[in-house]
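# Structural description and commentary
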Amino acid sequence: LTGVLDDCLCDIESIDDFNTFKIFPKIQKLQERDYFRYYKVNLKRPCPFWADDGHCSIKDCHVEPCPESKIPVGIKAGSSNKYSKAANNSKELEDCEQANKLGAVNSTLSNQSKEAFIDWARYDDSQDHFCELDDERSPDAQYVDLLLNPERYTGYKGPSAWRVWNSIYEENCFKPRSVYRPLNPLAPSRAMYFVFAGESFYTWLEGLCLEKRVFYKLISGLHASINLHLCANYLLEETWGKPRWGPNVKEFTRRFDPIETKGEGPRRLKNLYFLYLIELRALSKVAPYFERSVVDLYTGNGHEDAESKALLLDIFRDTKSFHMHFDEKSMFAGDKKGAKSLKEEFRLHFKNISRIMDCVGCDKCRLWGKLQTQGLGTALKILFSEKEIQSLPENSPSKGFQLTRQEIVALVNAFGR
């Protein structure tokens, strides 16, 4: 994949170099830090749009938390929640590790982590603009260690997965009424629409205003990103109960090769680069929020917290040194009334997509879908809060712009993906 990206003054080769040599090694290191590896999520929220069509029964889809009597599964917000030492002796920890079969979401935590989460909760403020947030106080919300639960292909596919993406594309992306073809690359009836093959299909996209084009590209980029993760970490074979995970080139070709996708695959990958630029831009814009001394990446371990913040600020310096950002100032720049209405429509469409993630039938896929959607939602919130970020007070928390720990963790991990 080479050349210039649409709607950006940026070429793919420059992004590759910048990411490979500057950003990726640092962001990978940051994701391994305690502050960024634990994400609180409610995987039991019902789908708000259609009757649940059953959860994925494949073992790699499952969340298998420890029994509550042994290791408390969720960390409830607030400091009133006490954990007894008796509930955490080593024998029960061993039982718990046995219970967490391969691929299950591992929600075991050390006592130290639990205490840190209670302190983190005090740092959080639950305002959000672009995403439907999980209620962290719900008994069903639990902390998940992202390093123990990598995003990979679990075998979840078919009508249930198709329905989720179909709802995202057809009901939430802006599409002219003259386009009858499904936008969803997974739509089973796509073959009959190949009169629109490849590049010609995208002519309708050029007819949309910049904002609606951007929205479609972000969703397509997110979809491409998730598909790439699944192709890169695929269950290749399972012999004697021992699975072997690795890159599946055939699957990658099926989803992205120009010939197999009638020219659409490279477009999907370009949209992934576009998504990268949007989230990169958000990181560079939010730097002043974190540069203040009042903001700590607080885990209770002073030495590690200081190192984590130094690494994050180092990444911000790199993002600012990249000169080919997407310029969001061109968005919502028309007449005030029309721009405000379009921005609200944009926000509500994205919020709806974050709710659709509760309809994903595979828990592991739902976990990573929710996290990456929230990360993108946080990026959009940042891009549309520039004035508030610039006027932040140095030594006191701001009421004008605030990020919760959840949003920070989602932003960094989504960009890392």
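Source: prediction; values computed, not measured.

Counting buried positions over the five residues of strand β1 (residues 38–42) gives five, a clear majority of the element. Across five bridges, the pairing between β1 and strand β2 (residues 141–145) is antiparallel. Note that in β2 the partner of Y38 across the bridge is D145.

Here we come to the packing of helix α9 (residues 265–291) against helix α12 (residues 363–383). Between α9 and α12, the least distance of the axes is 9 Å, while the angle of their chain directions is 55 degrees. With respect to α12, the element α9 is oriented oblique. In this structure, the crossing between α9 and α12 has a hand that is left-handed. Here L275, I278, E279, R281, A282, K285 and V286 of α9 lie close against α12, whose contacting residues are G375, L376, A379, I382 and L383. For the contact of α9 with α12, the class distribution of residues is eight nonpolar, one polar and three charged.

Let us look at the UniProt feature "active site" (unreviewed entry) in the protein chain. Per the UniProt record, the feature "active site" (unreviewed entry) sits at C362 and C365. Looking at the element boundaries, C362 is found in the loop between α11 (336–356) and α12. Summarising the element assignment, C365 is placed in helix α12. Dropping the residues within four chain positions of it, C365 is found in contact with T154, Y156 and V360.

Remark: helix α7 (residues 210–232) packs on α9, axes separated minimally by 7 Å, with the N-to-C direction vectors making an angle of 105 degrees. When the interaxial angle is binned, α7 and α9 end up roughly perpendicular. Of α9, the residues touching α7 (which contributes V214, Y216, K217, L218, S220, G221, L222, A224, S225 and L228) are R268, L269, N271, L272, F274, L275 and I278. Of the residues assigned to the contact of α7 with α9, the class counts are 11 nonpolar, four polar and two charged.

Under the local residue numbering, the UniProt record ascribes the feature "binding site: FAD" (unreviewed entry) to R152, T154, W165, S220, H223 and R255. Residue placement: R152 occurs in the loop between β2 and α5 (159–172). Judged by relative accessible area, R152 falls into the buried class, the value being 13%. Topologically, T154 is positioned in the loop between β2 and α5.

Before going further, it helps to examine the state of the cysteines. Within the structure shown, the criterion is met by one disulfide. The disulfide partner of C47 is C359, and the gap between their sulfur atoms is 2.0 Å. What sets the handedness of the C47 and C359 disulfide is the S-S torsion sign, and at about 75 degrees it is right-handed. A residue pair is termed long-range when its members are at least 10 positions apart, and C47 in the loop between β1 and α3 (90–99) and C359 in the loop between α11 and α12 qualify at 312 residues. For the residue pair C47 and C359, the accessibility class agrees, reading buried in each case.

In this model, the protein chain carries a mean pLDDT of 76, and residues with pLDDT of at least 70 account for 70%. Scored below 50 in pLDDT, residues 63–103 shows 81 contacts in the model against residues more than four places distant or in partner chains.

Following the sequence through the fold, R33 ends up in the loop between α1 (12–31) and α2 (34–37). Looking at R33, the relative accessible area reads 17%, which means it is buried. In this view, R33 contacts E304, E307 and S308; residues no more than four positions away in its chain are not counted.

The residue K262 is not glycine, and still its phi comes out positive at about 55 degrees. Residue position: K262 is located in the loop between α8 (249–256) and α9.

This part takes up the pairing of β2. Buried residues dominate β2, accounting for five of its five residues. Side chains of β2 alternate between two faces, with A141, Y143 and D145 and Q142 and V144 buried alike.

This next bit is on the pattern of salt bridges. Here the structure, examined in full by the defined rule, presents 17 salt bridges. For E264, the salt bridge goes to R268, with nearest N and O atoms at 3.6 Å. Classification of E264 as buried rests on a relative accessible area of 2%. Put simply, E291 and K320 hold a salt bridge, and the shortest N to O gap is 3.0 Å. Of this pair, E291 sits in helix α9 while K320 sits in helix α10 (residues 302–321), and the two are 29 residues apart along the sequence. Overlapping salt bridges bring together K26, D314, R317 and D318 as one network.

Procedures and definitions
- Residues numbered from 1 in each chain as written.
- Predicted model: local features only at pLDDT ≥ 70, side-chain atom pairs only at ≥ 80, totals over all residues.
- Heavy atoms only, no water.
- Buried < 20%, exposed > 50% of the residue type's maximum accessible area, 1.4 Å probe, protein only.
- Helix = DSSP H or I, 4+ residues; strand = E, 2+ residues; numbered from the N terminus.
- Pairing = 2+ DSSP bridges.
- Axes fitted to C-alpha atoms, helices over the stretch in contact; angles between N-to-C directions.
- Parallel < 35°, antiparallel > 145°, perpendicular 65-115°, else oblique.
- Left-handed = near helix turned anticlockwise from the far one by under 90°.
- Contact = heavy atoms within 4.5 Å.
- Nonpolar A, V, L, I, M, F, W, Y, C, P; charged D, E, K, R; others polar.
- UniProt positions renumbered as here; feature names shortened; annotations may be inferred.
- Disulfide = S-S within 2.5 Å.
- pLDDT = per-residue confidence, 0-100.
- Salt bridge = Lys/Arg side-chain N within 4 Å of Asp/Glu carboxyl O.

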